[in-house]
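Structure assessment
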2 protein chains.
Amino acid sequence: MRVVPLGGLGEIGKNMTALRQASGMILIDAGLSFPDEEMPGIDLVLPDFTYVREHASELRGVFLTHGHEDHVGALPYLLREFPEVPVYGTRLTLELVRPKLREFGIKNAELREVRPGERVDTAGYTLEFIHVNHSIPDAVAIAAHTAAGLVVFSGDYKIDLTPIEGGTTDLSRLAALGSQGVLAYFGDSTNSERPGYVPSERVVSNALRDIFDEAPGRIIVASFASHLHRIGQVVEAAKLHDRLIAVTGRSMVRNVQIARDLGYLNIPASMMVEQHEINNIPDRDLVILTTGSQGEPLSALSRIANETHKTIRVRQDDTVIIAAHPIPGNERKVSRVINDLMKRGADVHYSPLKPVHVSGHAAQEEQKIMLSLLKPRYLVPVHGEYRHLRHHFNTAVSMGFPTERIFLLENGSQLEFRAGEARRLQNVPAGMFLIDGASFGDTASDVVVRERQQLSADGMFVVVARINAQSGELLGAPDVISRGFVYMRDADGLLQEAIEVVSSTLQETARHHITDWGELKNSIRRDLSRFLADRTGKRPIILPLIVEV
Amino acid sequence: MRVVPLGGLGEIGKNMTALRQASGMILIDAGLSFPDEEMPGIDLVLPDFTYVREHASELRGVFLTHGHEDHVGALPYLLREFPEVPVYGTRLTLELVRPKLREFGIKNAELREVRPGERVDTAGYTLEFIHVNHSIPDAVAIAAHTAAGLVVFSGDYKIDLTPIEGGTTDLSRLAALGSQGVLAYFGDSTNSERPGYVPSERVVSNALRDIFDEAPGRIIVASFASHLHRIGQVVEAAKLHDRLIAVTGRSMVRNVQIARDLGYLNIPASMMVEQHEINNIPDRDLVILTTGSQGEPLSALSRIANETHKTIRVRQDDTVIIAAHPIPGNERKVSRVINDLMKRGADVHYSPLKPVHVSGHAAQEEQKIMLSLLKPRYLVPVHGEYRHLRHHFNTAVSMGFPTERIFLLENGSQLEFRAGEARRLQNVPAGMFLIDGASFGDTASDVVVRERQQLSADGMFVVVARINAQSGELLGAPDVISRGFVYMRDADGLLQEAIEVVSSTLQETARHHITDWGELKNSIRRDLSRFLADRTGKRPIILPLIVEV
């Protein structure tokens, strides 16, 4: 039986892992990564499906650990190629997946709900779902009883001893598996550098209560739309303070609805305020739940902060809570939003100054608990950059774990288990699959997919715009340079119209005083891409370059 | 008397501040900022000299608080325009400035050394230099006795009660000024969000000693080349462990020499190892001091990590200490270096896991001490983003400071002091002055200056290269697109040669297995820019775009 971690970007074994034995192949998770700033024109990074394609006839199922983008975001792309393969997940995970598949036009996907504690038999595997705590409900670890032995995948987890909902990570079941005998443990390494434990989700409610007590006017809370426990705590705080709740941001609106339907959130209809009614509610009676906790330029919070939101404008006496921690790479975006909100007079609260966020990934002591319970023969630290895997290694060694039975893999590593032993085989292809998007929303499902080959076939447009640094106004006409874009009819006329589309986009953004370069570029890409797709049916890469003058 | 903060990028009153009264104008500091990732083709950001130019005839002096780039980096550009203006600074500050001026070909600059405790009279001002602790020696606060009253500028400071050298921040003198009566205090806000005190520099020596005790082989320490106290602690640890010292990285080599010449570092000649001798020294006898603590792609540490350094290759049994904290925006670069070093088997130590770095900027309690000592009538938080100014404001208010006497300014704000009162006048121009570099080194002095107007006049080259994601190899010929670049002779031939230059650069980087996109771009820019300058005398903006396939 072989295990092959297959993605994501700079992190090992996060987006997708393949298990393969004579009787068939299964995948654990099908997620995507986000590009770093060195990848212009690229919106998403998918794990490489080459290995999966090479063994397509053996593929028997995809097993999802939880509903985060980096674990389910690639599913539409996978199902587009392998429409027959069944997908197993917990109830909430599948509910979050369904809208994605709909937006991609994938019908008739075989989605099979599994409850924590339940097992699935397929292709000679027995997969057991085990409840864990994470920053999204209905997350599971997966215990794979394979021909070679029992391999446990932690998925993303922490150990929360006073959880909001769903109970603590199923330590008893993990202990029982450990007693049976665990061949290998593939464990979450995200917080391997962090000593101690991560705090319980419950500490956030104390922080929220204190802030709600003091807030003189409106309260705006930004959170990940998938963090239903966090949202639940905001709802409870709102109830305690007799405030109503409005929701803004597409994915937040959608997820709050899903959560209410499934019973994760209990918000009476009388408590909900429609977005268009927001300005009729007295400030002291209102909590606004919003997306944008990562400073994403087009998100609701950013637009609230820079006054481009349709209905909500930040003002003095607003209290803003950013109930999330910037993912590495997003620190400056978040800083920009904080500065904008503060400049407009809002009182802004964020971690670590206030404990309005706790991590969803286990720290060192929790990692030690897992190793103590599972007592695996082999440890494979995953879900982290090399440095995180290394620290997980160090933590295990500090407990006496033999170094020769810890594997630090790369994506594409093949680890073979046979007769109770593990060894590395030759690596398989595991590059990255880069996707350029033409439109943007809060999730990947708005992206138009192009195959790597098509990226070259449809060519590229470089747009150079000179803008006034202070006002964001366009200076002179933008320059549009095309390469590899073949359009036989009226190429000059097309280029001229493209220039007009970009000019008009920039006049619009100047009118809204948008000087966030990320936003400007997104606007240009969105508008120009639509224009070119409408006019020519082609989707070249659009590369906007802003020169401030 | 008016005070006008003039730069830098996203931070207020950091790079340069102008003071203007009837009898003349002076500047405090002349530093630069580094661009964020939204500014392609731009290497440096200077404060806007417009205000200075408008009152050029009144300019009487530039007073430098300390030798960091964000306080002295713009001096060559300033002196190029105003060659007569005297520059006042402490001994080390001027020693660090001299090589910059030399590299810019600025001769006959009027550099006047001032000792902490000394005063300078000019243009109706008396400027007093007051010793403070910072992450570079010879840093001062500046007390400006002006026609309107006493205004104190903290510069960058902390309060280190067990400093390595130079004594603690001169609390007595600050108290005396407070007793005299301080009209306004312009105070460092960098660490305004941080409660408590920052630790003394001395805690680093304990951490170093522990790590040195355990190190089985070579020890490589990356630090800011200007942090002479930090370097001094590394030297002391090396002495304690009978290790020799080698130095790599241009600015580190230069600064260690300056520090030895001025007596900041005591390294006997017998302890120094030349770079070319490094491989002759037994591993356990060696400490290598290097640049690259911010993960800069072309720095010595990065090249050591990715095996492109001429003499030093990281290996198993190496102990690497990154004695710095990533400046916001650099987190991923530093992470990349840490991962590379760990993958090659090195043991890597970094803050906050090990206390091998402490901040050079005052935290909240130190800010309160300053306010208690100076008892200023007005507080102007500076040197920070808006959020940092805001938290400095909050800290002052928590001590009972009246809110109406705290000013939160922007760059370009004019604050007028008259008859003991302060008020805002209309803002003056204070945009950003963007500089595109043609060659790269560890400091700004390698940069060829072009005026903003010239940026457009010499045009732009966009280079698109498709490279193999795994190997870094160039796929097909690179695409070179020029715009606004006027070269009458043999334009086609030139373009073809440009393509060859870029191909050859990329073949070279592939040979060295460089897949760091930042490095690839820097290499392309450097080589193509040299080629175009040699061939045509022009210096267009070079914009490399890497598409991974």
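What counts as what
Residues numbered from 1 in each chain as written. Chains lettered and ligands numbered in written order. Predicted model: local features only at pLDDT ≥ 70, side-chain atom pairs only at ≥ 80, totals over all residues. Heavy atoms only, no water. Helix = DSSP H or I, 4+ residues; strand = E, 2+ residues; numbered from the N terminus. Contact = heavy atoms within 4.5 Å. UniProt positions renumbered as here; feature names shortened; annotations may be inferred. Buried < 20%, exposed > 50% of the residue type's maximum accessible area, 1.4 Å probe, protein only. Polar contact = N/O pair within 3.5 Å; in protein donor to acceptor, adjacent residues only side chain to side chain. Pairing = 2+ DSSP bridges. Axes fitted to C-alpha atoms, helices over the stretch in contact; angles between N-to-C directions.

**Digging into the environment of T248 of chain A**
Residues and elements named next belong to chain A. Within the secondary structure, T248 sits in strand 14 (residues 244–248). Remark: the alpha-carbon pair of T248 and H309, spanning 61 residues in sequence, is separated by 9.8 Å. Not counting residues within four places of it along the chain, the set of residues in contact with T248 comprises V253, Q275, I288, L289, T290, T291, A300, I304, H309 and I312.

**Quick look at the UniProt feature "binding site: Zn(2+)" (unreviewed entry) in chain A**
Residue and element names in this part refer to chain A. According to UniProt, the feature "binding site: Zn(2+)" (unreviewed entry) maps to H66, H68, D70, H71, H134, D156 and H383 in the numbering used here. Of the residues just listed, which span 318 residues, no C-alpha pair is farther apart than 13.9 Å, and they cluster in one region. Those residues in contact with H71 that lie beyond four places of it in its chain are K14, D29, A30, G31, L64, T65, H66, D156 and H383. Mapped onto the elements of the fold, H134 is located in the loop between strand 9 (125–132) and strand 10 (139–146). Using a relative accessible area of 6% as the deciding quantity, one classes H134 as buried. Beyond its immediate stretch of four places on either side in the chain, H134 contacts H66, H68, A139, D156, Y157, H229, G360 and H361. Polar contacts involving the side chain of H134 include one to the side chain of D156, which spans 3.2 Å.

**Let's talk about the sheet that holds strand 5 (residues 59–63) of chain A**
Residue and element names in this part refer to chain A. Strands sit in the order 7-6-5-3-2-1-20-21 across an open sheet of eight strands; the sheet is mixed. Strands with a single pairing partner mark the edges of an open sheet, and in this sheet they are strand 7 (111–113) and strand 21 (421–425). Ignoring strand direction, the axes of neighbouring strands in this sheet form an average angle of 25°. Relative to strand 6 (residues 87–89), strand 5 runs parallel, the two being bridged by two bridges. Among the inter-strand pairings, V62 is bridged to a residue of strand 6, identified as V87. Strand contacts of helix 4 (residues 91–103): strand 6 and strand 7, with the helix running at about 160° to strand 7, the strand carrying the most contacts.

**Topic: the UniProt feature "binding site: substrate" (unreviewed entry) in chain A**
Residues and elements named next belong to chain A. Listed under "binding site: substrate" (unreviewed entry) in the UniProt record, and renumbered for this structure, are A225, S226, H227, H357, V358, S359, G360 and H361. One can find G360 in the loop between strand 18 (347–350) and helix 11 (364–374). Contacts of G360, omitting those with residues within four sequence positions, involve N133, H134, S135, Y157 and K158. Within the secondary structure, H361 sits in the loop between strand 18 and helix 11. On the accessibility criterion, H361 (14% relative accessible area) is buried. In this structure H361 touches H134, D156, Y157, K158, D188, T190, N191, V198 and H383, once residues within four positions along its chain are discounted. A polar atom in the side chain of H361 sits 2.7 Å from the side chain of D188.

**Re the environment of F401 of chain B**
Residues and elements named next belong to chain B. Inspection of the secondary structure puts F401 in the loop between helix 12 (386–398) and strand 20 (414–418). Take F401: its relative accessible area is 12%, and that puts it in the buried class. Spatially, the C-alpha atom of F401 lies 9.0 Å from that of R377, the residues being 24 residues apart in sequence. When sequence neighbours within four positions are dropped, the list of residues in contact with F401 reads L371, P376, R377, Y378, L379, A396 and I406.

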